[in-house]
Amino acid sequence: MAEPEPFVPRDRPFSLPNLIRTIAGGYIPLIIATLVVFLPLLWMILSSFKQPGEIITMDLKILPESLNFTNYNIAMTTVPFAQFFINSTIVTVVGATVKVLLAILTAYALVFVRFPFKNVIFMLILVALMVPPQVSILPNYILIAGMGGKNTLWGIILPGLGTAFGTFLLRQHFMTLPASILESAEIDGAGHWRRMWQIVVPVSVPSIATVALVTVVSEWNEYIWPLIITDRPETMTLPVGLTLLQNSESNASGWGILMAGAVLVIVPILIVFAALQRYIVAGLTQGSVTG
């Protein structure tokens, strides 16, 4: 008969070695990572309320002397920020909506529809994930400019309507859904369209919300393509409008104005992120635990 293994006492939860390991391996890296992300954002917000003498100075001043909104007023009147905001909203809403719908349709077809070369198409989607988007800028410009899309909102939206990341993420999640549910719906006479919108989509809300959030953020922050395809303020988006503001306020006294413009650009997307962030972890981990 084998002898029982000797009992090895564990450290108590609040013992000194346990606390040291928890602080050194958990809290300190978390605090450092948070500060790296948050401090530049905080400095930008504080600088947007400062006067030029408080920014261009040898004496470091962290807090502004007063909450002066002059920089915001100048930023919004120097360039047509309202037009930039409308353009960005249209591009983001239309582009993100079409991207998410195409991702849902494509992922559903790759999982639940039988057709030839399905695996080949999925491999091409994986290849698209690895190819940097910058390599397609020149072909897209030639195509869109040839179609008359220069200085138009549809010219900004059209080249980026496909989303390999969203298709891949939803496809991986759809593969974890129990086949018995869809088979029961098929026996009841439900077609693909009804199965997708009444069964697959409702149970996949966290994953779809994750794709939507990533898509909205990328559409709102897109800079290179709108900068290339537009050169008129009437069709510029907010990130490109910041470049126009920088050209207008290129002297040293314009840093506060530029910081105010940057705050105006990021605040809407921060609100969207705060509203949907609880879906990120659920959407990215959904289906990773089975049993």
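This text goes with the structure placed above it.
The following paragraphs examine the structure supplied in this document.

The rules behind these values
Per chain, the residues get numbers from 1 upward, laid out in the order the sequence is written. Given that the model is predicted, a residue must reach a pLDDT of at least 70 before its local features are reported, and side-chain atom pairs must reach 80 or more before they are shown or counted; all residues, however, enter totals for whole chains, interfaces and linings. Excluding hydrogens and water, the side-chain values take into account all heavy atoms of the structure. For the purposes of this entry, the term helix denotes a DSSP run of H or I that reaches at least four residues, the term strand denotes a run of E that reaches at least two, and both are numbered from the N terminus. The rule is simple: take the accessible area with a 1.4 Å probe, protein chains only, and divide by the maximum for that residue type; under 20% is buried, over 50% is exposed, in between is partly exposed. Residue contacts follow a heavy-atom distance rule, with two residues in contact if any of their heavy atoms lie within 4.5 Å. To be clear on the numbers: accessible area is Shrake-Rupley with a 1.4 Å probe, and residue cover counts the displayed protein chains and nothing else. A residue counts toward a patch only above 30% relative accessible area and without a salt bridge, and it is joined to like-charged neighbours within 9 Å or, for Val, Leu, Ile, Met, Phe, Trp and Tyr, to nonpolar neighbours within 5 Å. Each reported salt bridge corresponds to a side-chain nitrogen of Lys or Arg within 4 Å of a carboxyl oxygen of Asp or Glu. We call a set of buried residues a nonpolar core when its members are Ala, Val, Leu, Ile, Met, Phe, Trp, Tyr or Cys and they connect through side-chain atoms within 4.5 Å of each other. Polar contacts, as counted here, are pairs of nitrogen or oxygen atoms within 3.5 Å of one another; within protein the pair requires one atom able to donate a hydrogen and one able to accept it, and residues that are adjacent in sequence qualify only if both atoms are side-chain atoms. Convention adopted: a line fitted to C-alpha atoms gives each axis, helices being fitted over their contacting stretch, and angles between N-to-C directions are expressed from 0 to 180 degrees. Any angle from 65 to 115 degrees is called roughly perpendicular, while one under 35 is roughly parallel, one over 145 is roughly antiparallel, and all others are oblique. Polar here means any residue other than Ala, Val, Leu, Ile, Met, Phe, Trp, Tyr, Cys and Pro, which are nonpolar, and Asp, Glu, Lys and Arg, which are charged; Gly is therefore polar. The distinction between a cavity and a pocket rests on a 1 Å grid over the protein atoms alone: a 1.4 Å probe fits inside a cavity but cannot get out, while a pocket stays open yet meets protein on both sides within 12 Å along at least five of seven lines, and a residue with an atom within 4 Å of a point counts as lining. Grid points are joined across faces, edges and corners, and a volume is the space filled by probe spheres set on the points.

Thoughts on the overall build of the chain
Across its full length, the chain holds 15 helices and zero strands. Across the 291 residues that make up the chain, the buried fraction comes to 33%. Within the chain, counting contacts between residues at least 6 apart in sequence, those at least 24 apart form 71% of the total. Counting every atom, the chain has about 17900 Å² of accessible surface; 70% of that belongs to carbon and sulfur.

Notes on a nonpolar patch on the surface
On the surface, Leu19, Ile23, Tyr27, Ile28, Ile31, Ile32, Leu35, Val36, Val37, Phe38, Leu39 and Leu42 cluster together to form a nonpolar patch covering roughly 1100 Å² of accessible area. You can see Val36 is positioned in helix H1 (residues 16-47). Among the residues examined, Val36 registers a relative accessible area of 58% and is labelled exposed.

Here's the deal with the pattern of salt bridges
Applying the stated criterion across every chain yields a total of two salt bridges. Two residues, Glu219 and Lys99, come together in a salt bridge whose shortest N-O distance is 2.9 Å. Here Glu219 is found in helix H11 (residues 205-221), whereas its partner Lys99 is found in helix H4 (residues 81-112), with 120 residues between them in sequence. Just as Glu219 is buried, Lys99 falls in that class too.

What to know about the nonpolar core
Ranked by size, the top nonpolar core spans 22 residues in total, and within it Phe81, Leu238 and Leu245 carry the most contacts. Counting only elements with at least two residues in this core, the list comes to helix H3 (70-78), H4, H11, helix H13 (238-248) and helix H14 (255-276). Broken down by element, the residue count for this core peaks at eight residues, all from H14. Contact partners of Leu245, with chain neighbours within four places excluded, come to Ala75, Thr78, Val79, Phe81, Ile257, Leu258 and Gly261. Listed in part, the 15 residues of the second largest apolar core include Ile104, Leu170, Leu182 and Val201.

Topic: helix H8 (residues 164-174)
Every α-helix carries 3.6 residues per turn, so stepping three or four residues along brings you back to the same face. Among the 11 residues of H8, eight are classified as buried, and the element is accordingly described as predominantly covered. For H8, every residue scored as buried is listed here: Ala164, Gly166, Thr167, Leu169, Leu170, Arg171, His173 and Phe174. In this structure Thr163 caps H8, since a side-chain oxygen of it lies 3.1 Å from the backbone nitrogen of Gly166.

Focus: the packing of H4 against H13
Viewed as axis vectors pointing N to C, H4 and H13 meet at an angle of 155°, and their least axial separation amounts to 8 Å. Accordingly, the angle class assigned to the pair H4 and H13 is roughly antiparallel. Counting all contacts with H4, which are made through Phe81, Phe84, Phe85 and Ser88, the residues of H13 involved are Leu238, Pro239, Gly241, Leu242, Leu244 and Leu245. Split by residue class, the contact of H4 with H13 holds eight nonpolar, two polar and no charged.

Re the layout of surface pockets
In this approach, a probe sized like a water molecule rolls over the atoms, and the result shows the empty space that is left. Size it by volume and the largest pocket reaches roughly 970 Å³. In this structure, the largest pocket is lined by 33 residues; those nearest its centre are Lys99, Pro133, Pro159, Gly160 and Gly162. Elements with a minimum of two residues in the lining of the largest pocket: H4, helix H5 (118-130), helix H6 (137-146), helix H7 (153-157), H8, H11 and helix H12 (224-229). Looking at the lining of the largest pocket, the element that brings in the most residues is H4, giving five residues. Of the residues that constitute the lining of the largest pocket, the class distribution is 20 nonpolar, 10 polar and three charged. In this structure, the second largest pocket occupies an estimated 320 Å³ of space.

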